[in-house]
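One-letter residues, chain by chain:
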Amino acid sequence: MTAKKPATMRDSPRVWQRMLSGRRLDLLDPSPLDIEIADIAHGLARVARWNGQTSGAHIFSVAQHTLLVEAVMREQTPRIDAKIRLAALLHDAPEYVIGDMISPFKAVLGGDYKQVEKRLLAAIHIRFGLPAVLVAQIERQIKDADRGAAYLEATQLAGFAPAEAKRLFGRDPGLPLSTRQDYLTPWTAAQAEKRFLARFKTLHT
């Protein structure tokens, strides 16, 4: 019987991604030093929400979704601290590496996916001066804004009836019409990237 050869680095699966900035981000042990906001903006602007099943000439990107979430939060809690708004803007930032998996598929995958997502988000938070783990009250505020954004996206872009969207995501967050029209008209990837970066720079003080 032939003895098995010891595993080499070449045999080991690759668990890092090379970014356009030149950074090499390890998914199992992400370092805040390997995270750049330009990489996040570029990636999120090219990741489609709703698996691309939305109306419009362009995908509705995760970058645009995060801006919508932050706009909903501003509407719901106008005096909220800029750091919390920044956390809202970055709440889906891990998706620049792992993509936007729809909630039903996340449920199928279970805990392993969530652990990778949590490690990435903690590293992103540390990189930009936020607590690695947010307190429960802030997480709830961001989740409420996220659900409000999902309601708008579902009814305006993804073909959901209002009653179904209300059952799944909660109520309409009541954004002003001009804000709603802007944030729910799918942008080009270049526009989404530019606006994400601009909002980040405003909030990251």
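Everything discussed here concerns the structure shown above.
About the thresholds
- One numbering rule holds for all chains: residues counted from 1, following each sequence as written.
- Residues qualify for local features only when their pLDDT is at least 70, as the model is predicted, and side-chain atom pairs are given and counted only at 80 or more; totals for whole chains, interfaces and linings, by contrast, use all residues.
- Where side-chain values are given, they derive from all heavy atoms of the structure, hydrogens and water being excluded.
- Only the stretch in contact is used when fitting a helix axis, every axis being a line fitted to C-alpha atoms; angles between N-to-C directions are given from 0 to 180 degrees.
- The helix count covers DSSP runs of H or I at least four residues long, the strand count covers runs of E at least two residues long, and both are numbered beginning at the N terminus.
- Under this scheme an angle from 65 to 115 degrees is roughly perpendicular, one under 35 degrees roughly parallel, and one over 145 degrees roughly antiparallel; angles in between are oblique.
- By the definition used in this description, the sense in which the near helix is turned from the far one sets the handedness, with an anticlockwise turn below a right angle giving left-handed and a clockwise turn giving right-handed.
- Throughout, a residue-residue contact means that at least one pair of heavy atoms, one from each residue, lies within 4.5 Å.
- Think of it as three bins: nonpolar holds Ala, Val, Leu, Ile, Met, Phe, Trp, Tyr, Cys and Pro, charged holds Asp, Glu, Lys and Arg, and polar takes everything else, Gly as well.
- For our purposes a nonpolar core is just a set of buried Ala, Val, Leu, Ile, Met, Phe, Trp, Tyr and Cys residues, chained together by side-chain atoms within 4.5 Å.
- Here the term buried applies to any residue with accessible area under 20% of the maximum for its type, exposed to any over 50%, and partly exposed to those in between, with areas from a 1.4 Å probe on protein chains only.
- In summary, the pairing rule links any two rings of Phe, Tyr or Trp, Trp by its six-membered ring, whose centres are within 6.5 Å, and it sorts them by plane angle into stacked for under 30 degrees, edge-to-face for over 60 and tilted for everything else.
- Note on criteria: charge over ring means Lys NZ or Arg CZ within 6 Å of the ring centre, with the direction from the centre no more than 35 degrees off the ring normal.

Caption draft 1: Molecular detail of the packing of helix α1 (residues 37-44) against helix α10 (residues 189-203). Where α1 contacts α10, the axes come no closer than 8 Å and their chain directions differ by 140 degrees. Classified by the interaxial angle, the pair formed by α1 and α10 is oblique. Both α1 and α10 take part in a crossing whose hand is right-handed. Together, I37, A38, I40, A41, H42 and L44 of α1 and E193, F196, L197 and F200 of α10 make up the contact between the two elements. Tallied by class, the residues present in the contact of α1 with α10 amount to 8 nonpolar, 1 polar and 1 charged.

Caption draft 2: Main features of the environment of I126. Assignment of secondary structure puts I126 in helix α6 (residues 111-127). The sequence separation of I126 and I35 amounts to 91 residues, and the corresponding C-alpha distance is 9.9 Å. Filtering out sequence-adjacent residues up to four positions away, I126 remains in contact with P32 and A132.

Caption draft 3: Highlighting the nonpolar core. One finds I40, L68, L90, Y96 and F196 to be the most contacted residues of the largest nonpolar core, which totals 59 residues. Mapped onto this core, the elements with two or more residues apiece are α1, α2 (62-76), α3 (82-89), α4 (95-98), α6, α7 (136-156), α8 (162-169) and α10. Excluding residues within four positions of it along the chain, L68 makes contact with F60, A149, L152, E153, L175, Y183 and L184.

Caption draft 4: Layout of the packing of aromatic side chains. Tallied over the full model, the rule gives 5 aromatic pairs. Where W50 meets F169, the ring centres are 5.8 Å apart and the plane angle is 90 degrees; that geometry is what we call edge-to-face. Taken together, the residues span a long stretch of sequence, with W50 in the loop between α1 and α2 and F169 in helix α8 at a distance of 119 residues. Residues W50 and F169 agree in their burial class; the two are buried. If you follow R14 out to its NZ or CZ, it ends over the ring of W16, 4.9 Å from the centre. Note that R195 overlies the ring of Y183, its terminal NZ or CZ placed 5.5 Å from the centroid.

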